[in-house]
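Next come the chains, spelled out residue by residue.
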Amino acid sequence: EESLWGHGCGAHAIRLALAECFLRREMQTRCLIATIHRENARSIRLFTHAGFSRSEEAGACLRFSLSREAFFSRSNAAHGTQSSAHDAAR
């Protein structure tokens, strides 16, 4: 719904989906692929901000991917940054 755009709902939904796919013990997801219409700048920005990298073109769409390794690397880097910021604030 357009009235909800820009309020963080999409980013929150992606974070929940990534956690579900990569963090649940019974899930063995190795890579996620997002296919986004090349003119959908908001979605492209949302997925790249979530850590997805552009992997290929598919007609009118672009494909973005996020591997399990990249997800954990990004998560560990974010936690390290947060810990450093928290320690510096003390």
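Residues numbered from 1 in each chain as written. Predicted model: local features only at pLDDT ≥ 70, side-chain atom pairs only at ≥ 80, totals over all residues. Heavy atoms only, no water.

**Things to note about the overall build of the protein**
Moving on, step 1. Along its length, the protein carries three helices and three strands.
Moving on, step 2. Tracing the protein from N to C terminus, the helices and strands come up as α-β-α-β-β-α.
Moving on, step 3. Per-residue burial over the protein gives 20% buried out of 90 residues.
Moving on, step 4. Long-range contacts, defined here as pairs at least 24 residues apart, represent 52% of the contacts in the protein between residues at least 6 apart.
Moving on, step 5. By element, 53% of the accessible surface of the protein is carried by carbon and sulfur atoms, the whole surface being about 6,700 Å². (Helix = DSSP H or I, 4+ residues; strand = E, 2+ residues; numbered from the N terminus. Buried < 20%, exposed > 50% of the residue type's maximum accessible area, 1.4 Å probe, protein only. Contact = heavy atoms within 4.5 Å. Areas by Shrake-Rupley, 256 points an atom, 1.4 Å probe, with all protein chains shown as cover.)

**Quick word on the nonpolar core**
Moving on, step 1. Leu18, Phe22, Leu32, Phe52, Phe64 and Leu66 are the most contacted members of the largest nonpolar core, which totals 14 residues.
Moving on, step 2. The dominant element in this core, judged by the number of residues it contributes, is helix H1 (residues 9–23), at four residues.
Moving on, step 3. Other than its neighbours up to four places away in sequence, phenylalanine 64 contacts Leu32, Ile33, Ala34, Ile36, Ile44, Thr48, Phe52, Ser53, Arg54 and Ser55. (Core = buried A, V, L, I, M, F, W, Y, C linked by side-chain atoms within 4.5 Å.)

**Here we look at the confidence of the model for the protein**
Moving on, step 1. In this model, the protein carries an average pLDDT of 85, and 87% of its residues clear a pLDDT of 70 or more.
Moving on, step 2. Averaged pLDDT values for the elements of the protein fall to 66 in helix H3 (residues 68–89) and rise to 97 in strand E3 (residues 61–67).
Moving on, step 3. Every residue in residues 82–90 is under pLDDT 50, and counting partners more than four places away or in other chains gives zero contacts. (pLDDT = per-residue confidence, 0-100.)

**Details of the pairing of strand E2 (residues 53–58)**
Moving on, step 1. The pairing of E2 with E3 spans five bridges and is antiparallel. Looking at E3, one finds that arginine 54 is bridged to phenylalanine 64.
Moving on, step 2. Between the antiparallel neighbours E2 and E3 lie two residues, among them glycine 59 with a positive phi of about 65°. (Pairing = 2+ DSSP bridges.)

**A look at the pattern of salt bridges**
If charged atoms from side chains of opposite charge come close, those side chains can pair.
Moving on, step 1. This model, assessed by the stated rule, comprises four salt bridges.
Moving on, step 2. Its salt-bridge partner being glutamate 57, residue arginine 38 comes within 3.3 Å of it at the nearest N-O pair. Separated by 19 residues along the polypeptide, arginine 38 in the loop between strand E1 (31–37) and helix H2 (41–49) and glutamate 57 in strand E2 bring together distant segments of the chain.
Moving on, step 3. When its relative accessible area of 35% is taken as the criterion, arginine 38 is described as partly exposed.
Moving on, step 4. Taking the shortest distance from any N to any O, the salt bridge between arginine 54 and glutamate 57 comes out at 2.8 Å.
Moving on, step 5. Residues joined by salt bridges that share partners form a network here, namely Arg38, Arg54 and Glu57. (Salt bridge = Lys/Arg side-chain N within 4 Å of Asp/Glu carboxyl O.)

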